[in-house]
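Take a look at the letters that make up each chain.
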Amino acid sequence: MDIRDIQTETTNLVAYWQIRNQMMIDDRARLALTKPIAKTNQIQWVMNEPKVLYDTCVAIMSAYTPRFRLPLTMNFTQEQKTKISKAERLLIGILRSLDARNLRTGHPYWLRELAYWVASGWWAVFTTVRKDPQTDEIQFLADIFDPMTVYPEWD
């Protein structure tokens, strides 16, 4: 693909998703308590209820760090229990590394940012696992993007 193909595809996707983007702009204006443009001489009110409800939902969804517990029954051997314990610690470590990566880039904790976008109804998360070329460590990535900058296209 050359640059013109990419520009054409981008233009087509922006046009196709324009209604969705306008909905997101309207929702964000409500959350920012933006006063609507006066069309008549009537008084218009801007209530903070949508913002308070939204912030409350985000707080409820992200208030506590999730507990990662794999079910244990009485039939597991000690070796299996050790493996389950390691798996739980791996999940905790992955979440901590996602938090650290988010905080280094100036974003809030990863779960809080995810809750923010999920509560809006629109989210875009790019997940991958890669090996860091400098340290040879395995990295679990789950980067969250502003959904207005991402246009899904399936092929």
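Keep in mind that what you see is a predicted model, and the values were worked out from it rather than measured. (Residues numbered from 1 in each chain as written. Predicted model: local features only at pLDDT ≥ 70, side-chain atom pairs only at ≥ 80, totals over all residues. Heavy atoms only, no water.)

1. Remarks on the overall build of the chain
Here is step 1 of the chain: Of the regular secondary structure elements, the chain holds 5 helices and 2 strands.
Here is step 2 of the chain: Over its C-alpha trace the chain gives a radius of gyration of 22 Å, far above what one expects of a compact globule, namely 15 Å for 155 residues.
Here is step 3 of the chain: Expressed as a percentage of the 155 residues in the chain, the buried residues total 17%.
Here is step 4 of the chain: Restricting the contact set of the chain to residue pairs at least 6 apart, pairs at least 24 apart contribute 50%.
Here is step 5 of the chain: For the chain, the accessible area works out to roughly 12500 Å², and carbon and sulfur atoms hold 59% of it. (Helix = DSSP H or I, 4+ residues; strand = E, 2+ residues; numbered from the N terminus. Rg over C-alpha atoms; globule rule 2.2 N^0.38 Å. Buried < 20%, exposed > 50% of the residue type's maximum accessible area, 1.4 Å probe, protein only. Contact = heavy atoms within 4.5 Å. Areas by Shrake-Rupley, 256 points an atom, 1.4 Å probe, with all protein chains shown as cover.)

2. Details of helix α4 (residues 78-104)
Here is step 1 of the chain: For α4, with 27 residues, the first-to-last C-alpha span of 39 Å sits near the 39 Å given by 1.5 Å per residue.
Here is step 2 of the chain: Three or more residues of α4 are buried, namely Ile84, Glu88, Ile94, Leu95, Leu98, Asp99 and Asn102.
Here is step 3 of the chain: In the core, the buried residues of α4 are packed alongside α5 (110-120) and β2 (138-145).
Here is step 4 of the chain: After α4 finishes, the residue Gly106 shows a positive phi value of roughly 85°. (Expected span 1.5 Å × (residues − 1).)

3. Considering unusual backbone geometry
Here is step 1 of the chain: In this structure, Leu33 is a non-glycine residue whose phi angle is positive, near 60°.
Here is step 2 of the chain: Its location among the elements puts Leu33 in the loop between α2 (18-31) and α3 (49-62).
Here is step 3 of the chain: Here Leu33 falls in the partly exposed class, since its relative accessible area comes to 35%.

4. Remarks on the environment of Pro147
Here is step 1 of the chain: Relative to the elements of secondary structure, Pro147 occurs in the segment after β2.
Here is step 2 of the chain: In sequence terms Pro147 and Lys83 are 64 residues apart; their C-alpha atoms lie 38 Å from each other.
Here is step 3 of the chain: The residues touching Pro147, leaving out its near neighbours within four places in the chain, are Arg20, Met24, Arg28, Trp117, Trp122, Trp123 and Ala124.

Function cannot be inferred from these measures alone, as they are strictly geometric.
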